[in-house]
Protein chains: 4
Amino acid sequence: MSEFLVTIRPRYGEVDRMGVVYHAHYLSYFEIGRTEFMRSLGTPYAELETRGFRLAVVEAAVRYRRPALYDQELEVAVTLAQVGRATVTFRYELWDAEGAVLSSGHTRLGCMDEDNRPCALPRDVYSRLKAGMKPGTSSSETS
Amino acid sequence: MSEFLVTIRPRYGEVDRMGVVYHAHYLSYFEIGRTEFMRSLGTPYAELETRGFRLAVVEAAVRYRRPALYDQELEVAVTLAQVGRATVTFRYELWDAEGAVLSSGHTRLGCMDEDNRPCALPRDVYSRLKAGMKPGTSSSETS
Amino acid sequence: MSEFLVTIRPRYGEVDRMGVVYHAHYLSYFEIGRTEFMRSLGTPYAELETRGFRLAVVEAAVRYRRPALYDQELEVAVTLAQVGRATVTFRYELWDAEGAVLSSGHTRLGCMDEDNRPCALPRDVYSRLKAGMKPGTSSSETS
Amino acid sequence: MSEFLVTIRPRYGEVDRMGVVYHAHYLSYFEIGRTEFMRSLGTPYAELETRGFRLAVVEAAVRYRRPALYDQELEVAVTLAQVGRATVTFRYELWDAEGAVLSSGHTRLGCMDEDNRPCALPRDVYSRLKAGMKPGTSSSETS
């Protein structure tokens, strides 16, 4: 399986007075990509929470290359970089209509139970995320 | 008792590409004013939630007169316009350093229990909010 | 012409610790509705700004009836309530999948030139917005 | 010179339904720290923009250790990690009242002119930022 794509358009309030998307909002765009990717794999994130699990962001990084603009049609490209028993790493790129990479980044998420204690991913979720990894991407069973 | 004042400075990400604060953020500024006002009355909002009560916004209105700018030192002026058994109305003005009114508005909040059902305000909170009303402001016992 | 509909899903970061959408974000949802409505009428808002005009929010009001939830599929229903020479009023309702109204509100916007001075809407924009009004809705030529 | 500290309190709308601050908002908290630090060094960021310069975030990273909570009194601790001719790197830690580190991170910013082209920092700003570095921190003249 390969890159998952979601189309977004920056909102007016997300653009700062430089006329470009404010840097913190890229993390929200990445999350939209991750959320739709998980839905497409048959494991909607909201359902995971209903079952008593949470994926908390433990690490995030963004590299800003070119500015994203108001109302521009963009693609969030998401891949699963690592799926472990208790953590998952997603990689993201934000593309403009010509396919130029505006920004890239990753987030590492840790599975938590309802008391916010680290725990293993539910078996079925683990399997589906594994299946959603890019062919050739190495995976860690023991992160 | 009279107007309660809180100083704020618009953040970079709150200013849109017109160079002025994006209209939705005024509701956050109003909330900062309300939160600090409640704290000053001896009823911190966070404590209210710990006790199993919530104040949900049921109505909000804002009138935008002049733009608020990035990093400008502003005052949120808050008054309690109405305190009922189950609802509370706050009024707000946003002032610049010269005292010019940049915007004004109000929010009406309804008390809810942990199951999100309307309920009466706890007695002590009701009394303290009542005491926080401007002299001369009429209050509704039966909203 | 009648109601214009746009589908949205509340994002994770838009939901507060009551588990419901934070009240300020409804104004962003309304704006998404307004933006897509304007695009559908042949007057994309971004284009208006490129031509040197801005629509600044001068008044906003929201009535919160039932909470909107994380990841819920919702519709923003937008209508043009008033189109004047220099101001425009949009009305909004937020519906859940069963058509229940979660919230409603309006925003009044004033046309401004590049120096943030009130001015008349460009003729063609005025005509298209007029055409986008609901049949039977009265319009004001002189607001 | 050493760590610069700014007190903040997470706002209601910044806390998600896990009851903790949403991960994207830490970048705003870091920015508040950076903004006040720059003001204290005699180079308010707003003034820099007035003079025709911008500091655009080119890289950001956050490590989330423990959750920040609603209304908690926190400190943003900021240090200047690198000051080059055209780029600046700030490091941040978010502390709770007991001094526990809730999160840490950095942002690298690039100086841009009004046409969004990379350029050197104004001489006086460069000197003041240099002076604001921690003793013993190595600096790069040629980043």
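Each value, and the rule that gives it
Residues numbered from 1 in each chain as written. Chains lettered and ligands numbered in written order. Predicted model: local features only at pLDDT ≥ 70, side-chain atom pairs only at ≥ 80, totals over all residues. Helix = DSSP H or I, 4+ residues; strand = E, 2+ residues; numbered from the N terminus. Rg over C-alpha atoms; globule rule 2.2 N^0.38 Å. Buried ≥ 20, exposed ≤ 12 C-beta atoms within 10 Å, placed from the backbone. Contact = placed C-beta atoms within 7 Å. Least-squares fit on C-alpha atoms with pLDDT ≥ 70 in both. Nonpolar A, V, L, I, M, F, W, Y, C, P; charged D, E, K, R; others polar. pLDDT = per-residue confidence, 0-100. Pairing = 2+ DSSP bridges. Axes fitted to C-alpha atoms, helices over the stretch in contact; angles between N-to-C directions. Expected span 1.5 Å × (residues − 1). Core = buried A, V, L, I, M, F, W, Y, C linked by C-beta atoms within 7 Å.

**Some thoughts on the overall build of chain A**
A tally of regular secondary structure across chain A gives 3 helices and 5 strands. Taken from N to C terminus, the helices and strands of chain A fall in the order β-α-α-β-β-β-β-α. For a compact globule of 143 residues, the expected C-alpha radius of gyration is about 15 Å, and chain A comes in at 16 Å, within 12% of that figure. On the principal axes, the C-alpha backbone points of chain A span a range of 45 × 35 × 25 Å. Counting all 143 residues of chain A, 41% fall into the buried class. Excluding contacts between residues fewer than 6 apart, the proportion of contacts in chain A whose partners are at least 24 apart in sequence is 70%.

**What about the relation of the copies chain A and chain B?**
Structural alignment of chain A on chain B gives an RMSD of 0.0 Å, achieved by rotating through 180° and translating 0.0 Å along the axis. Expressed as an axis order, the relation between the two copies is that of a two-fold axis. A shared binding surface is used by both copies, with 100% of the interface residues of chain A retained as interface residues in chain B.

**Examining the interface of chain A and chain B**
Each partner contributes to the interface: chain A provides 9 residues, whereas chain B provides 9 residues. The residue inventory of the side of chain A that touches chain B, partitioned by class, reads 5 nonpolar, 2 polar and 2 charged.

**Some details on the confidence of the model for chain A**
All names here are of chain A. Averaged over every residue, the pLDDT of chain A is 92; the share at 70 or more is 92%. Predicted confidence is poor over residues 137-143, with pLDDT under 50, and the contacts of this stretch with residues over four places away or in other chains come to 15 contacts. For this predicted complex, the interface confidence score (ipTM) comes to 0.92, while the overall pTM stands at 0.93.

**Focus: the relation of the copies chain D and chain A**
Mapping chain D onto chain A calls for a screw motion: a turn of 180° about the axis and a shift of 0.0 Å along it, with 0.0 Å RMSD after fitting. Looking at chain D, 100% of its interface residues are interface residues in chain A too, so the copies touch through the same face.

**Remarks on the sheet that holds strand β1 (residues 4-8) of chain A**
The strands making up a sheet are joined through hydrogen bonds of the backbone, oriented either antiparallel or parallel. Within the open sheet, the 10 strands sit side by side as β1(A)-β3(A)-β4(A)-β5(A)-β2(A)-β2(D)-β5(D)-β4(D)-β3(D)-β1(D). Their pairing is antiparallel. Looking at the sheet topology across the chains shown, the edges are occupied by β1 of chain A together with β1 (4-8) of chain D. The mean angle between the axes of side-by-side strands here comes to 25°, regardless of whether they run parallel or antiparallel. Examined bridge by bridge, strand β4 (residues 87-95) of chain A and strand β5 (residues 101-112) of chain A share 9 bridges and lie antiparallel to one another. Note on β5 of chain A: the bridge partner recorded for Y92 of chain A is G105 of chain A.

**Thoughts on the pairing of strand β2 (residues 54-64) of chain D**
One ladder, built from 5 bridges, connects strand β2 (residues 54-64) of chain A with β2 of chain D; its direction is antiparallel. Bridge pairing in β2 of chain D links E59 of chain A to R63 of chain D. For β2 of chain D and strand β5 (residues 101-112) of chain D, the ladder comprises 10 bridges, and the chain directions are antiparallel. Paired with L55 of chain D across the strands is C111 of chain D, a residue of β5 of chain D.

**Describing the interface of chain D and chain A**
Taken together, the 14 residues of chain D in the interface contact 14 residues of chain A. If one sorts the elements of the side of chain D that touches chain A by residue count, β2 of chain D sits on top with 9 residues. When its residues are assigned to classes, the side of chain D that touches chain A shows 9 nonpolar, 2 polar and 3 charged.

**With respect to the sheet that holds strand β3 (residues 74-83) of chain B**
Spatial ordering of the open sheet is given by β1(B)-β3(B)-β4(B)-β5(B)-β2(B)-β2(C)-β5(C)-β4(C)-β3(C)-β1(C), a layout of 10 strands whose pairing is antiparallel. On the outer flanks of this sheet lie β1 (4-8) of chain B together with β1 (4-8) of chain C, each paired with one strand and no other. For this sheet, the mean angle separating the axes of adjacent strands, direction not counted, is 25°.

**Description of helix α1 (residues 25-40) of chain B**
Residues and elements named next belong to chain B. Here α1 spans 23 Å end to end across 16 residues, near enough to the 22 Å set by a 1.5 Å rise per residue. Among the 16 residues in α1, 13 count as buried, and that is most of the element. Note on α1: the residue one or two positions beyond its end, G42, has a positive phi of about 85°.

**Focus: the environment of Y70 of chain D**
Position of Y70 of chain D among the secondary structure elements: in the loop between β2 and β3 (74-83). Along the primary structure Y70 of chain D and R54 of chain D are separated by 16 residues, whereas in three dimensions their C-alpha atoms are 32 Å apart. Filtering out sequence-adjacent residues up to four positions away, Y70 of chain D remains in contact with A46 of chain B, R17 of chain C together with P10, Y12 and V15 of chain D.

**Remarks on the nonpolar core**
Counting residues in hydrophobic clusters, the biggest one holds 75 residues, and the most contacted among them are L94 of chain A together with L94 of chain D. Ignoring anything within four residues of it in the chain, the contact list for L94 of chain D reads Y26, Y29, A68, L74, V76, L102 and S103 of chain D. Grouped together as the second largest cluster of nonpolar side chains are 74 residues, V57 of chain B together with L55, V76 and L121 of chain C included.

**Here we look at unusual backbone geometry**
Residues and elements named next belong to chain A. Unusually for a residue other than glycine, N116 sits at a positive phi of about 60°. Structurally, N116 can be placed in the loop between β5 and α3 (123-131). Judged by the 14 C-beta atoms lying within 10 Å of it, N116 falls in the partly exposed class.

**Considerations on the environment of L27 of chain D**
Relative to the elements of secondary structure, L27 of chain D occurs in helix α1 (residues 25-40). A count of 24 C-beta atoms within 10 Å places L27 of chain D in the buried class. Remark: the alpha-carbon pair of L27 of chain D and H106 of chain D, spanning 79 residues in sequence, is separated by 9.1 Å. With residues near it in sequence (within four places) discarded, L27 of chain D still touches H23 and A24 of chain A together with A60 and V62 of chain D.

**Brief notes about the environment of Y70 of chain C**
Accessibility expressed as a C-beta count within 10 Å gives 20 for Y70 of chain C, which makes it buried. Placed 31 residues apart in sequence, Y70 of chain C and V101 of chain C show a C-alpha to C-alpha distance of 16 Å.

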